[in-house]
Every structure is written in structure tokens, then in C-alpha cells.
Amino acid sequence: MQSRGDGDLFGGVNLGVDPVPELQVPESWTWTLQIPPVAEFVGPVEIRWNEGCERGLFATRHIFPGEVLLVSRPLAVHSGVWAYSTAELVEQLLDACRNSARTRCQLQCLTDGWTSRAPPTLAVVSQALWPQPDTLPTEPLGSFLTREVLVNVVDRNSFHVNSKTAIYGLPSMINHSCGNVNASANILDPLGDAILFRAETEINAGSEIFFPYFKVSGSLHRRRERSEAMGFSCRCERCRFEAEILPGTKAAAASKDAMDAFDSKLRDEMQELRDEPKEAGLQSAMLLQEILSHTRRMASAIDCTWREREVAWYLHLALPLYWCGVWCTQELDPSLWKCTLTLVKARCELLLQMVLAWEYTDRHSYDHLKCCYMLYLAFMEMTRLPLSSNHFWVPLVHHEVPLWRLEETPEPAQHTTSTELYASSRRSRNSPVRLRWLGRTRGG
Ligand SMILES: [Zn+2]
């Protein structure tokens, strides 16, 4: 838009610009407004009964990490505070029920389990929840999908992802697990808040898809509290392991001692060092020694008959302690430690155990830490070779360890504890490809 030159360019009555013409959309084009922003999609999954006689989503073939499992549009979305979301979501659902036969069918499938009506068969549920064209309802709403019924649907099926609360049809069939997470979800804001589920790990044909409904860090007690607040009592494999297999073992005593020491003393010591950075260089060496003595005792108490995932759930019990140890290795003045490489080695050891602890519960932290761990291992490898042939790695590590320290004679790089841990979890692993990347550990 340009001024004609007979008025003030910056506004006012003399702007002299023609009014913007109203855009007229022909009435026959209004169908364009009804095109959904994204098509729904269902990948290699199907609904089946699981061992606990609940409906769940299962893989119909072998699935690779990153594959899209499904894309589903929301039945209702709320983007404000979670506590105020229920009333708003229920009103949206009631509105949708008046205009959409498909929404009614989907909601009727989600009410199964707590109404007096007979539950729909799997064939009926699959038919209702799979993508299909919508139509206007031919019957009045009736007495089944009442406000009370919909409050229950919202309480039991709402997803809290990317600070939004939403209700979806097929995704509601995915069950929660604290320790076998193999899928992640993202709400696609620009695409009408559709939700996209992807595989985070390899999933064997016939295996159930699991997604965490809440943060699964923390003790069994904390997780039970969270699941009960959401209307169910978690009986997943990890919860059963911690409630039935672990108690009374040497490992349980080691992890309890470690966390008792952390809660009663080590956490406060770390906090004090944070407030007094001048002291941190010296004092964190002692703190690190104490942490390592606990984590090494925990590692040596691992039962050789445990499967890899059980080792991971066990290590998860002392996660705050590992964090504290990694913090110490960052704060510590390398000149006060026996040798820089010993320090890096200690960090490697703590990172490895954290990586294992996260493998089945938090895939994002797992991927991030795996990279850190590989970098540290690469550093250890590098220090065994002439620097000139490995200059590529130097920029990546020189922030952590001053280059002049590489002149020191390094101790032989052997991650004894990590290797033992690796070997013990290897003996009982299920899948032959598991932990292959950890094989880079020297001697492992
Ligand atoms: Zn659980």
C-alpha cells in the first residue's frame, strides 16, 4: 500500500489510501473451511486384550525406533491450567456429540469399564476408533453420554502433553508403564493439536505399546501416589519388581543405604558447596569419593539373574546420587584429583549407570546421556593415541579438560566397575543386540 503523496504518510485523515476491499468467498467454497489440518493415520498397531484383561495397543509387526505409530485428531483440547480443564473439556465434548456421529462412537468406547452397559467388543472398538469419515448424528443425544459420564471420560483419558490437556480416541487405548516405555507423544500445535506417537525403541511384533502417563522418576511409593491420583493403581513390571522381587536382597540394602546417606547428608553437602563455589574444588573430591563408594557397592550387589531392564530399574532408585556425583566431577578442580583421567573415568562410570537407569523410562534423557557417555569414552580412547591423529576430537573435550593435562601419563583406561556392571547385565539380557554400544568399553 502506498501514499499518493497528498497526505501524511504516517497516518491521519489525509492518508489518502483506498479502503481495503472485502474479500468475497463464494458460498460454494465453504467446504474448504471444513478440511481438517492433518489426516489421521494408524501404523502397524492393533487393539488387543493384555495379560491384565485390559485393552491395549499392540505391534502387528517388528517396529523400528522413530517409526510413526499413529496420528490422531483431538476430540477436545484445553490449553490453560490443568486443574480447570475438566469443565471446559466436557463442554467441548458435549458440543461435539451434538454434531458428530463419530465423536459419539469414540466416546462410547472410552466409557467402558465403569458403566453398567456391557463393554463393546474389540471389533466394535477398533471400528469406532480407526480413521473414517464423519457424519451428522441421525438420532438425538439420548441419556447415555451425560455430563457425569463425560467427566469420568475426561478424568480417565486426558493426555497432558506440551502444557495442553486433550482427549483423543485411539491414543486412549495405549496403557501406562513406569518401566517399559517404548513410545513418545507430541501434540502438533499448528496441525489442530493432533497427537503423534512414535516408537522410541525397537518393538517386537506382538509386544504392547507403552507410554508414561506421568513422570516415572522417583520411588515406588511416589509413583503409586501419582497413578492413584489418576484413577488407577499401577501394576506394571517395574512396580512389581520393586514391590515383590527387590525387597530383602543385598541390592535393596545397598540402594537404601545410598539414598539414606544422600537424603540425610550428601544432598546438603552438595547444596553448601553450590553456595560456596570457592570451597567446591577441594570439598567435592571428598563428596565424590563417598558417592562412588555407594554407587560401587550398589553395582556389586546386582543379582546376576536379573534381566537388563531389572538392573536399570534398580539403578534408577539412586538416580539423585548419580546426578550429585556427575555434578562433583564438573566442579572438582582437576589439579586436586589424582589424575585428570581418573576423574574422567569416574564421570564415565556414573554416566554409564545413569544411561542404563534411563534406558527403559526416559528416552530423551537416555539419548542425551548416551551421547555424553560416548564422548567421554572417545576421549579415553583418544588419550591412548598420539594427539596429532585425533585432533578432530580436541575441540569437543577441551572445555572439560585443559589440553596441557594430556601431557600427563594417563593411567590405563579401564572402567572396572562399569565393565563388571556391563558383563553382569549382559549375562541375563534378553535380546542379542542389547547393550552392543556399551561394548566400546575397554575390555567389555
Ligand atoms: Zn508402574
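Here the structure is shown first, and the text comes after it.
To keep things clear, this report deals only with the structure shown in the data block. (Residues numbered from 1 in each chain as written. Predicted model: local features only at pLDDT ≥ 70, side-chain atom pairs only at ≥ 80, totals over all residues. Heavy atoms only, no water.)

So, about the coordination of the zinc ion. The expected angle between donors at a tetrahedral four-coordinate metal is 109.5 degrees. At an octahedral six-coordinate metal it is 90 or 180 degrees. Taken together, C178 (SG), C234 (SG), C236 (SG) and C239 (SG) make up the full set of protein donors to the zinc ion, lying 2.2 to 2.3 Å away. Spacing between the donor residues of the zinc ion along the chain follows C-x55-C-x1-C-x2-C. Here C178, found in the loop between β7 (164-167) and β8 (183-188), pairs with C234, found in the loop between α5 (220-229) and α6 (237-245); they are 56 residues apart in sequence, far enough to count as distant. Accessibility expressed as a relative area gives 2% for C234, which makes it buried. (Donors = N, O, S within 2.8 Å, 3.2 Å for Na, K, Ca; no water. Helix = DSSP H or I, 4+ residues; strand = E, 2+ residues; numbered from the N terminus. Buried < 20%, exposed > 50% of the residue type's maximum accessible area, 1.4 Å probe, protein only.)

Grouped together as the largest cluster of nonpolar side chains are 52 residues, with contacts concentrated most on L287, W306, Y314 and Y322. Of all the secondary-structure elements, those providing two or more residues to this core are α7 (250-275), α8 (277-300), α9 (308-316), α10 (319-331), α11 (340-358) and α12 (363-382). Among the elements that make up this core, the one with the highest residue count is α11 (twelve residues). Residues within four places of L287 in sequence aside, it is in contact with L266, E269, M270, L273, C324 and C328. (Core = buried A, V, L, I, M, F, W, Y, C linked by side-chain atoms within 4.5 Å. Contact = heavy atoms within 4.5 Å.)

The next point concerns α7. In this model, α7 (26 residues) spans 36 Å end to end at C-alpha, consistent with the 38 Å of a helix rising 1.5 Å per residue. Maximal helix bending in α7 amounts to about 55°, located at F262. Among the residues of α7, A251, A252, A254, S255, A258, M259, A261, F262, L266, M270 and L273 are the ones counted as buried. (Expected span 1.5 Å × (residues − 1). Bend = angle between axes of the 7 residues up to and from the residue.)

Attention shifts here to the sheet that holds β7. Strand order in the open sheet formed by three strands is β5-β7-β6, and the pairing between neighbours is antiparallel. Of all strands in the sheet, those with a lone pairing partner are β5 (76-78) and β6 (159-161), marking the two edges. Averaged over all adjacent pairs, the angle separating strand axes in this sheet is 25°, with direction ignored. Relative to β7, β5 is paired through three bridges, and the arrangement is antiparallel. Paired with H78 across the bridge in β7 is T165. Docked against the sheet, helix α1 (residues 85-99) engages β5 and β7, running at close to 150° with respect to β5. (Pairing = 2+ DSSP bridges. Axes fitted to C-alpha atoms, helices over the stretch in contact; angles between N-to-C directions.)

This part takes up the pattern of salt bridges. Under the definition given, this model contains 19 salt bridges. As a salt-bridge pair, K164 and D189 come within 3.1 Å of each other at their nearest N and O atoms. You can see K164 sitting in strand β7 and its partner D189 sitting in the loop between β8 and β9 (194-199), a full 25 residues away along the chain. Overall, the relative accessible area of 15% leaves K164 in the buried class. A relative accessible area of 39% means that D189 is categorised as partly exposed. Taken together, the salt bridges that share partners define one network made up of E237, R307, R309 and E310. (Salt bridge = Lys/Arg side-chain N within 4 Å of Asp/Glu carboxyl O.)

What follows covers helix α3 (residues 122-129). Within α3 the residues assigned to the buried category are V125, A128 and L129. With its buried residues spanning 85° around the axis, α3 presents them on a single face. Within α3, the exposed residues directed more than 90 degrees away from the buried face are A123 and Q127. Looking at the packing, one finds that the buried side of α3 touches β2 (45-49), β3 (55-59) and α2 (101-110). (Arc of directions from axis to C-beta.)

Moving on, we come to the packing of α2 against α3. Viewed as axis vectors pointing N to C, α2 and α3 meet at an angle of 140°, and their least axial separation amounts to 9 Å. By the criterion of interaxial angle, the relationship of α2 to α3 is oblique. Two packed elements cross with a definite hand, and for α2 against α3 that hand is left-handed. Mapping the contact onto sequence places R102, C105, Q106 and C109 in α2 and V125, A128 and L129 in α3. Residue composition of the contact of α2 with α3, grouped by class: five nonpolar, one polar and one charged. (Parallel < 35°, antiparallel > 145°, perpendicular 65-115°, else oblique. Left-handed = near helix turned anticlockwise from the far one by under 90°. Nonpolar A, V, L, I, M, F, W, Y, C, P; charged D, E, K, R; others polar.)

Time to look at the sheet that holds β9. In space, the four strands of this open sheet follow the order β1-β4-β9-β8, with antiparallel pairing throughout. At either margin of the open sheet sits one strand with a lone partner, and together these are β1 (41-42) and β8. Where strand β4 (residues 68-72) lies against β9, four bridges are found, and the strand directions are antiparallel. Note that in β9 the partner of V71 across the bridge is L196.

To continue, consider unusual backbone geometry. For C53, which is not glycine, the phi torsion reads 60° and is therefore positive. By secondary structure assignment, the location of C53 is in the loop between β2 and β3. The residue D193 is not glycine, and still its phi comes out positive at about 60°. Along the chain, D193 turns up in the loop between β8 and β9. On the basis of relative accessibility, which here comes to 14%, the residue D193 falls in the buried class.

By themselves, these observations are geometric and do not establish any function.
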